[in-house]
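# Notes for the structure review
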Amino acid sequence: MIVSRLLVVEDDPDIAMALRLLLTRAGHQVAHAKDGRAGLRDAYTERPELVILDIGLPGMDGWQVLERLRDVSDVPVLLLTAHGQESDKVRGLRGGADDYLTKPFTNAELVARVEALLRRSAGPASWADEVYDDGVLRIDPAARRTFVAGDEVRLTPTEFRLLNVLVRHAGAVLSPNQLLAQAWDDPTGIGPERVKFAVLRLRRKLGWTDPDASPIESVRGFGYRYRRPVLDRAE
C-alpha cells in the first residue's frame, strides 16, 4: 500500500483524534491542524496529498482556507460540515472543493471518499509540449506559464490543464466528462459540476468575465470550447 500524506484541519479535538486514528489505521500518514491559519501554514510546508477541511473553524473559517489554498494549489480538498444545505455544497464546489461530507458520517464512507479522491489525483498529467500562441493567449507547457495580452497570469495546475486542453482542441466542443478525463484524470466522469466552477474561476483569472466576449464559450447542453480570437490585422 502506498502511504499518502493527509492533513486534517479540525478544531474539535475529539473529532480530530477520531479522524487521525481512523485514517492512520487505513494506512495513511496524518497531520492535524486545529485552526485555519495553522492549516494553511501546514499545507504550505508539508505539501499533503489531500486536505480534510472543517468549515466551522474559529478565526479563519474553512471557506477562507479553501480560497487561499486554491490560489496556489489544486491539492484535493474534502470539506466537512455540520450543515447539509445544498447552498453550502454549491458554495464548496464553486470554491474549488473536490468533495463534501456532512456530519455525522460513517467511518466507511469517509475512508471511501478519501481513497477515491487520492485515486483520481494520482494519475500523471499529460501535456502538449509545443508553445501555443494565438496573439492574445500564450501557453508554455514546459514552463507551465500563461500570458494574456503579454501579461502573465498565475494558474493552479488544474486550471492550467483545463485551459491547455481547451486550446489544443480550439473550435471543438468538449463535454464536461471529456474535460474531467483529460484535465482532472477522472475518466469515470464523477463530479461534472467541478468543470462548471473551474471554468468560472479560469475566466475570472484570465479577465474574460463577460460570457459573450470570452474566448472560453459555454455551449448549452453540450460543454465548452475555446474560440481563437479574430485579430484586427488592418494597418
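Up top you'll find the structure we're talking about.
So, a few notes on the structure that sits alongside this text.

Calculation criteria
Residues numbered from 1 in each chain as written. Predicted model: local features only at pLDDT ≥ 70, side-chain atom pairs only at ≥ 80, totals over all residues. Heavy atoms only, no water. Axes fitted to C-alpha atoms, helices over the stretch in contact; angles between N-to-C directions. Helix = DSSP H or I, 4+ residues; strand = E, 2+ residues; numbered from the N terminus. Parallel < 35°, antiparallel > 145°, perpendicular 65-115°, else oblique. Left-handed = near helix turned anticlockwise from the far one by under 90°. Contact = heavy atoms within 4.5 Å. Nonpolar A, V, L, I, M, F, W, Y, C, P; charged D, E, K, R; others polar. Salt bridge = Lys/Arg side-chain N within 4 Å of Asp/Glu carboxyl O. Buried < 20%, exposed > 50% of the residue type's maximum accessible area, 1.4 Å probe, protein only. 1 Å grid on protein atoms, 1.4 Å probe; cavity = no way out; pocket = protein on both sides within 12 Å on 5 of 7 lines; lining within 4 Å. Points joined across faces, edges and corners; volume = space filled by probe spheres on them. Pairing = 2+ DSSP bridges. Core = buried A, V, L, I, M, F, W, Y, C linked by side-chain atoms within 4.5 Å.

This next bit is on the packing of helix α2 (residues 36-46) against helix α3 (residues 62-72). Running from N to C, α2 and α3 point in directions that differ by 20°, and their axes come no closer than 10 Å. With respect to their mutual orientation, α2 and α3 come out roughly parallel. Helix-helix and strand crossings are classified by hand; for α2 and α3 the assignment is right-handed. The residues of α3 that touch α2, namely those facing G36, L40, A43 and Y44, are V65, R68, L69 and V72. For the contact of α2 with α3, a count of residues per class yields 6 nonpolar, 1 polar and 1 charged.

Following the criterion strictly, the structure yields 13 salt bridges and no others. Salt-bridge contacts for K103 lead to D54; the nearest nitrogen and oxygen are separated by 3.1 Å. Highlighted residues: K103 in the loop between β5 (99-102) and α5 (107-122) and D54 in strand β3 (residues 50-54), separated in sequence by 49 residues. Of the residues examined, K103 reaches a relative accessible area of 21% and is grouped as partly exposed.

In this model, the second largest pocket occupies a volume close to 310 Å³. E67, R94, G95, R201 and R204 are the residues nearest the centre of the second largest pocket, which is lined by 14 residues in total. Elements represented by at least two residues in the lining of the second largest pocket include exactly α3, α4 (86-94) and α8 (193-206). Looking at side-chain class alone, the lining of the second largest pocket contains 4 nonpolar, 1 polar and 9 charged residues.

Spatially, the 4 strands line up as an open sheet ordered β6-β7-β8-β9, and their pairing is antiparallel. A single partner strand is all that each edge strand has here, and the edge strands are β6 (132-133) and β9 (151-153). With 2 bridges connecting them, β6 and strand β7 (residues 137-140) associate as antiparallel partners. Bridged to Y132 within β7 is I139. Sitting on the sheet, helix α6 (residues 157-168) touches β6, β7 and β8 (145-148), and the angle it makes with β7 is about 115°.

Quick look at the nonpolar core now. Counting 26 residues, the largest nonpolar core has L137, L162, L163 and I216 as the members making the most contacts within it. Looking at this core, the elements with two or more residues in it are β7, α6, α7 (176-183), α8 and β11 (223-226). When neighbours within four sequence positions are excluded, I216 is seen to be in contact with L163, L166, V199, L202, R203, L206, W208, R225 and Y226. Counting 20 residues, the second-largest nonpolar core is a separate cluster that includes L57, L66, L69 and V75.

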